[in-house]
Amino acid sequence: MRIVLLGSPGSGKGTQAIRIKKKFGIPHISTGDIFRDNIERNTTIGMEAKSYISKGLLVPDSVTIQIVENRLAEDDCKDGFLLDGFPRNLPQAEVLDKGLEKTGKKLDAVVNLDVTDEIIIKRMANRRICSSCGESYNLLFSKPAADGICDKCGGKLYIREDDKPETVVNRLSVYRNQTFPLVEYYNKKGILITVNGEDSADKTFLDILSSLERLP
Ligand code: AP5
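These figures come from a predicted structure and were not determined experimentally. (Residues numbered from 1 in each chain as written. Predicted model: local features only at pLDDT ≥ 70, side-chain atom pairs only at ≥ 80, totals over all residues. Heavy atoms only, no water.)

A. Here's a closer look at the side chain of D163. Structurally, D163 can be placed in the loop between β7 (157-158) and α7 (165-179). The class for D163 is buried, based on a relative accessible area of 4%. Only 3.0 Å separates the side chain of D163 from the side chain of R171, close enough to count as a polar contact. Not counting residues up to four positions away in its chain, the partners in contact with D163 are M124, R127, V168 and R171. (Helix = DSSP H or I, 4+ residues; strand = E, 2+ residues; numbered from the N terminus. Buried < 20%, exposed > 50% of the residue type's maximum accessible area, 1.4 Å probe, protein only. Polar contact = N/O pair within 3.5 Å; in protein donor to acceptor, adjacent residues only side chain to side chain. Contact = heavy atoms within 4.5 Å.)

What follows is the structure in structure tokens.
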């Protein structure tokens, strides 16, 4: 399966990606995770990406597209992949289509998680990440047992820099202007699945699975 996860910031792409990856045994490629890893390691890409991410802006296509092309060329992506956070604008979507066409492949499905801005803002304000193993928590929906401590590894939990309320507002606006047009782009291609992302994570996952089964 070749799947793209689409949806506004905080709509649950990462949460669903874990489940989809496990179900289909395909590699999960998150451009956000790749950038955060580069930022942590202080690479040239990380330093450039940080200046955009901290403002809630998209990292330039010249950087992002190259990263994804390199990753998709790796052996484990030969028979399928799950893209999370890419493409995020029309030029990225077109490059992805052309790259796949060259090798006689195409996307099977684009899963669009539909969540209102009001809920997004609540989710982002309550997201906490483990500084050690990367596990994601939510103080409203999936609290750690002990305040500020990861259940899995005992690491310290932190708030993502781009989850600050003023940055979230920018990310939502970038999503509306640059990413939302992809919903229509993929709808026209007949591969768009829109799922209510406001249900519980498990219910949303079941909806994704049954929609994937209905695809021609
Ligand atoms: P990225 O990391 O991709 O961020 P995002 O798209 O803004 O998405 P998030 O990771 O914030 O949220 P999510 O949808 O994965 O939701 P999650 O499952 O965590 O990108 C970060 C930045 O990198 C971008 O802003 C941009 O600058 C740059 N970038 C990345 N890709 C790029 C590209 N292609 N081009 C250019 N720049 C790029 O859930 C959120 C919270 O809600 C969690 O606390 C979770 O526990 C909770 N939650 C999830 N589902 C549910 C549910 N069903 N019910 C209750 N709570 C839930």
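B. Geometry of the sheet that holds β7. Ordered by their spatial adjacency, 3 strands build an open sheet running β6-β5-β7, and the pairing between neighbours is antiparallel. Both edges of this open sheet fall to β6 (136-138) and β7, since each of them pairs with a single strand only. Where strand β5 (residues 127-130) meets β6, 3 bridges bridge the pair, whose relative direction is antiparallel. Bridge pairing in β6 places R127 opposite N138. (Pairing = 2+ DSSP bridges.)

C. The pattern of salt bridges, seen in detail. Inspection of every chain in the model, using the stated rule, returns 14 salt bridges. The partner of D162 in a salt bridge is R171, with the nearest N and O atoms 3.6 Å apart. With a relative accessible area of 7%, D162 lands in the buried category. Among the charged side chains, a salt-bridge network with shared partners connects R127, R160, D162, D163 and R171. (Salt bridge = Lys/Arg side-chain N within 4 Å of Asp/Glu carboxyl O.)

D. Fine view of the nonpolar core. Within the largest apolar cluster, 21 residues are counted, with the highest numbers of intra-cluster contacts made by F81, L83, L96, L107, V110 and Y186. Elements supplying a minimum of two residues to this core: β1 (2-7), α4 (61-72), β3 (81-84), α5 (90-102) and α8 (181-188). Residue contributions to this core peak at 4 residues, all from α8. Excluding residues that lie within four positions of it along the chain, L83 makes contacts with I3, V4, L5, I29, V68 and L96. (Core = buried A, V, L, I, M, F, W, Y, C linked by side-chain atoms within 4.5 Å.)

E. View of the packing of aromatic side chains. As enumerated under the stated definition, the model contains 2 aromatic pairs in all. With a centroid separation of 6.3 Å and 65° between ring planes, the pair formed by Y175 and F180 is classed as edge-to-face. An angle of 85° between the planes, with centres 5.0 Å apart, marks the rings of Y185 and Y186 as edge-to-face. Note on accessibility: Y185 and Y186 belong to one class, buried. (Phe/Tyr/Trp six-rings, centres within 6.5 Å; stacked < 30°, edge-to-face > 60°.)

F. Highlighting the site of the ligand. Around the ligand sit 35 residues, and of these T15, L57, R88, R127 and R171 come closest. At a separation of 2.6 Å, an oxygen atom of the ligand approaches a polar backbone atom of L57. Contact distances for the ligand include 3.3 Å between an oxygen atom and a backbone N or O atom of Y137. Relative to its unbound accessible area of 1,000 Å², the ligand is 94% covered by the protein chains. Among the elements of the structure, α1 (13-24), α2 (31-40) and β6 are those that each provide at least two residues to the shell around the ligand. Per-class residue counts for the shell around the ligand are 10 nonpolar, 16 polar and 9 charged. (Near = heavy atom within 4 Å. Areas by Shrake-Rupley, 256 points an atom, 1.4 Å probe, with all protein chains shown as cover. Nonpolar A, V, L, I, M, F, W, Y, C, P; charged D, E, K, R; others polar.)

G. Representation of the sheet that holds strand β2 (residues 28-30) within the structure. Taken in spatial order, the 5 strands make up an open sheet running β2-β3-β1-β4-β8, and their pairing is parallel. Two strands in the sheet have a free side with no partner beyond their single neighbour: β2 and β8 (192-196). On average, each strand axis in the sheet is tilted by 20° relative to the strand beside it, whichever way the strands run. Contacts between α1 and the sheet are confined to β1, β2, β3 and β4 (109-114), with β1 contributing the most and set at about 165° to the helix. (Axes fitted to C-alpha atoms, helices over the stretch in contact; angles between N-to-C directions.)

H. A look at the packing of α2 against α4. Look at α2 against α4: their axes get within 11 Å of each other, and the N-to-C directions meet at 105°. As far as their axial angle goes, α4 and α2 are roughly perpendicular. Counting all contacts with α2, which are made through T31, I34 and F35, the residues of α4 involved are V63, T64, I67 and V68. Broken down by class, the residue content of the contact of α2 with α4 amounts to 5 nonpolar, 2 polar and no charged. (Parallel < 35°, antiparallel > 145°, perpendicular 65-115°, else oblique.)

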